[in-house]
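# Chains, contacts and geometry: an overview
The lines below spell out each chain.
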Amino acid sequence: MTAPLAFPPVTLTVAGLSCRRGTRLLFSGLDFALEPGTLTTLTGPNGAGKSTMMRIVAGLTPLEDGTVTLSGAGEDREPQSMMHYHGHREALREALTARENLAFATILLGGSAEAVLPALDRLGARRLADLPVRVLSAGQRRRVALARLIAAPRPVWLLDEPLAALDVAGQTLVADLIGAHVRAGGSALVATHQPLGLTGRTLTLGGQS
Amino acid sequence: MIAALRAVLSRELTLASRIGAGVELGIVFFLILISVTPFALGPDQKLLSRLAPALLWLSALLATLLGLDRLLQADEEDGVIDELMMSEAPLELVLAVKALAHWLVTGLPLAVLAPLLGLMLAISPEAMLPLCLSLAIGTPALTFIGLVGAALTVTLRRGGLLLSILVLPLTVPTLIFGIAVVREASVGQPIATPLTLLSAITLIILVLSPFAAAAALRMTRS
Amino acid sequence: MNDFAPPPVQDAKASFWASLWALANPGRFMSFSARLLPWLWGATLITMAYGLYKGLFVAPADYQQGDSMRIMYIHVPAAWMGMFVYATMTASALGTLVWRHPLADVSQKAAAPIGACFTVICLVTGSFWGKPTWGTWWEWDARMTSVLVLLLIYLGIIALWRAIDEPLRAARAVAIMTLVGAVNLPIIKFSVDWWNTMHQPASVFRKGGPTIHPAMLEPLLVMAVAFSLLFAAIHMVRMQAEIIDRRAERLAMRAAAGEG
């Protein structure tokens, strides 16, 4: 097992967050914090706004109401540079190989090129490295996409359905990775329908109008 | 940050060479437009020669427009725009590098090939180098204006036509001065004034458009 | 509609801004505009009647073009309005993006078609002006060409409004496009003027001739004021319509969700 990486103790605090879809209010007055070393599982029915909320926190969808602040990172760090966002779309280009996709993501997200192959290894996708992504199955693509979490270390993980399309072994692997990340001092917010088998808080969205 | 930008540039070029649809199609389209115009205008050499600067520039404009939805659309569908926004490098610079890569693959070949196509339109020899130069300076402006349009229409399914409608009026200054360079050269007049104005406009667009495009991506996606 | 807390008023001079924020509540805007509109329409009618009377009947005819020149009293103010409405849209765009004023996007959306109409009026009247004078229905002079490009930008903005479903996202996209256009318009105007001097030494559509007769200036300015009042009235009506539309949409959504 590789030694766990140490992360700066950053806390992501969300206060008074609200979100509309069209004219429908999805949720309002949402308050929570992701402290170092914690796992928060996000649950709720479909359409409750889990994905939208994670995108707002990641800064990918404009923030209408409320605040998202990152503390403990130092003055000159952009909040977005301390977060990983993993969503439904895997951000892989089919024409490129797994290694090329991951290398691009790694360097883009501030990691180093040497971390690429070990990360693929960690996700059990080493042998897929030089295959074009278009020949990979959904589960294999998910593994390649998640590898950037390992290759480019960042303290806060925002994961939207990371277990989707993975087989049981893959799901266990990803749960292990999340657990290791949290033990190393990182924080994670994971939206998932399947149980992770890890200890942590649960945040439930949904049913509000 | 430089490493991230270099990674963006090399990825764009790799994708362009591997998928390839953009480069050749743009050039072929350019060729087709030039080949078809004499059918519309008649083979009169004198007329074609007089119209050559405009025809070449208009064809370059249309060829550029057609390639623009390749700029951001595919990345948005795959979720790569999200990734670019989370990167170490500022989104404005990332977009500028993407547009630059796009231009290297679409606009620059047009600028290089234009004199050859100009021969088919009996362009005067003094105008050939200025033609190349004006297109080399003007096509980046077209691409960068297109970047803003692409960013505004990135969430739309069939945004191509709307993209063209938004972009075309803004290309008028580049078109005016670009064609003026070639026309002045064909009649032996000095080209310093239109060339300077063309360059100034391109510079302004190159500087401002990444900011507008980044703002568009940040504020208008869901 | 949720309450909107205006930023604290710093001093008395900021009262203009304070009143702008006071109108941020759509309900308050509706009642304010309902009271103001009759006066606006009245003022519009009076100034329009006065300006048309002065321009079409009283002011002297041009010694070269005769009475056909009188169409200038609509053509020139329409051109000015095309630009004035765009300036309004630009201010509204800043209101949407920078100050997050709740009615800014409504103002933007309401203004765009009006501005487009003014440019069309300018182009059509310019065409009617040109026919008896030059014998052609269209002349590529500097003003007509600039106004044409302005119309194209308006049309693009209107198309963008209709392309994006969600009102707030559409408003932001249009706001950015409006600002991009605003920065480009001076450049476009400059380049079209330059292009025109390269191709045509003189333009016939200067305001009625090389010098403006004072008797011609007054109707022009009156018509400009009349058109501005007309724009203000129509703009307000369209904003009201848009607010009502959104209310209806919200009610329909609530009905669908079963809240009645």
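For the structure, see preceding data.
Structure report, in brief. All values derive from a computational prediction rather than experimental measurement.

With that settled, consider the sheet that holds strand β7 (residues 187-191) of chain A. All names here are of chain A. As summarised here, the arrangement of the five strands in space is β5-β6-β7-β3-β8, forming an open sheet in which the pairing is parallel. The sheet terminates laterally at β5 (83-86) and β8 (201-204), the two strands that pair on one side only. Strand-to-strand, the axes of this sheet are offset by a mean angle of 15 degrees, without reference to chain direction. Of the strand pairs in this sheet, strand β3 (residues 39-43) and β7 are connected by four bridges, and their pairing is parallel. What sits directly across from threonine 41, in β7, is valine 190. Set on the sheet, helix α4 (residues 138-151) makes contact with β5 and β6 (156-160); between it and β5 the angle comes to about 175 degrees.

Residue and element names in this part refer to chain A. A large share of β6 lies buried, amounting to five of its five residues. Neither face of β6 is open: one carries Val156, Leu158 and Asp160, the other Trp157 and Leu159, and all of them are buried. In this sheet, β6 lies alongside β5 in parallel orientation, the contact comprising four bridges. Looking at the pairing, histidine 84 lines up with tryptophan 157 of β6. By the bridge criterion, five bridges tie β6 to β7 in an arrangement that is parallel. Bridging from a neighbouring strand, leucine 159 pairs with valine 190 of β7.

To continue, consider the interface of chain B and chain A. Taken residue by residue, the interface counts 27 residues in chain B and 29 residues in chain A. Looking only at chain B, the three residues that lose the most surface to chain A are Glu83, Met86 and Glu88 of chain B, adding up to 28% of its buried area. Our count for the contact surface shared by chain B and chain A stands at eight salt bridges. As a salt-bridge pair, glutamate 76 of chain B and arginine 89 of chain A come within 3.9 Å of each other at their nearest N and O atoms. At the boundary of chain B with chain A, the tally comes to 10 residue pairs in polar contact (both at pLDDT 80 or more). Of all elements in the fold, only α1 (2-19), α4 (73-78), α5 (80-85) and α11 (192-220) of chain B reach the threshold of two or more residues within the side of chain B that touches chain A. When residues in the side of chain B that touches chain A are grouped by element, the largest group, nine residues, is from α1 of chain B.

So, about unusual backbone geometry. The backbone of glutamate 161 of chain A sits at a positive phi, close to 50 degrees, despite the residue not being glycine. Looking at where glutamate 161 of chain A falls in the secondary structure, it is placed in the loop between β6 and α5 (168-183). Despite not being glycine, arginine 100 of chain C shows a phi value in the positive range, around 55 degrees. Note on placement: arginine 100 of chain C falls in the loop between α3 (72-97) and α4 (104-134).

We now examine the packing of helix α2 (residues 98-108) of chain A against α1 of chain B. For the pair α2 of chain A and α1 of chain B, the least separation of the axes is 8 Å and the interaxial angle reads 155 degrees. When the axis of α2 of chain A is compared with that of α1 of chain B, the two are roughly antiparallel. Helix-helix and strand crossings are classified by hand; for α2 of chain A and α1 of chain B the assignment is left-handed. Contacts between α2 of chain A and α1 of chain B involve Glu100, Phe104, Ile107 and Leu108 of chain A from the first element and Ala3, Ala4, Ala7, Val8, Arg11 and Arg18 of chain B from the second. Taken together, the residues that form the contact of α2 of chain A with α1 of chain B break down as seven nonpolar, no polar and three charged.

On to the nonpolar core. Most often, soluble globular proteins keep nonpolar side chains buried together rather than apart. Residues Phe32, Met53 and Leu158 of chain A, Leu72 of chain B together with Ile157 and Leu160 of chain C are the most contacted members of the largest nonpolar core, which totals 137 residues. Per-element tally for this core: the top contributor is helix α6 (residues 167-199) of chain C, with 13 residues. Leucine 158 of chain A has contacts with Leu34, Met54, Val57, Ala58, Met83, His84, Tyr85, His86 and Leu189 of chain A, leaving out every residue within four places of it along the chain. Among the nonpolar cores identified, the runner-up in size contains 32 residues, and Leu136, Ala147, Leu163 and Val174 of chain A belong to it.

All names here are of chain A. Taking 1.5 Å of rise per residue, 14 residues should cover 20 Å, and α4 covers 20 Å from first to last C-alpha, within 8% of that figure. Among the 14 residues that make up α4, 12 are buried, leaving the element largely enclosed by the rest of the structure. All of the buried residues in α4 are Gly139, Gln140, Arg141, Arg142, Arg143, Val144, Ala145, Leu146, Ala147, Arg148, Leu149 and Ala151.

Here the focus is the pairing of strand β1 (residues 11-21) of chain A. Residues and elements named next belong to chain A. Here β1 pairs with strand β4 (residues 65-71) via six bridges, running antiparallel. Across the sheet, leucine 12 pairs through a bridge with leucine 70, a residue of β4. Bridging between β1 and strand β2 (residues 24-34) involves seven bridges; their strand directions are antiparallel. By the bridge assignment for β2, cysteine 19 is matched with phenylalanine 27.

Residues and elements named next belong to chain C. Note that tryptophan 138 resides in the loop between α4 and α5 (142-163). Separated by 11 residues in the primary sequence, tryptophan 138 and serine 127 have C-alpha atoms spaced 5.5 Å apart. Those residues within four positions of tryptophan 138 in sequence are excluded, and the remaining contacts are Leu123, Met144 and Leu148.

About the thresholds
- Residues numbered from 1 in each chain as written.
- Chains lettered and ligands numbered in written order.
- Predicted model: local features only at pLDDT ≥ 70, side-chain atom pairs only at ≥ 80, totals over all residues.
- Heavy atoms only, no water.
- Pairing = 2+ DSSP bridges.
- Helix = DSSP H or I, 4+ residues; strand = E, 2+ residues; numbered from the N terminus.
- Axes fitted to C-alpha atoms, helices over the stretch in contact; angles between N-to-C directions.
- Contact = heavy atoms within 4.5 Å.
- Buried < 20%, exposed > 50% of the residue type's maximum accessible area, 1.4 Å probe, protein only.
- Buried area = accessible area lost by both parts, 1.4 Å probe.
- Salt bridge = Lys/Arg side-chain N within 4 Å of Asp/Glu carboxyl O.
- Polar contact = N/O pair within 3.5 Å; in protein donor to acceptor, adjacent residues only side chain to side chain.
- Parallel < 35°, antiparallel > 145°, perpendicular 65-115°, else oblique.
- Left-handed = near helix turned anticlockwise from the far one by under 90°.
- Nonpolar A, V, L, I, M, F, W, Y, C, P; charged D, E, K, R; others polar.
- Core = buried A, V, L, I, M, F, W, Y, C linked by side-chain atoms within 4.5 Å.
- Expected span 1.5 Å × (residues − 1).

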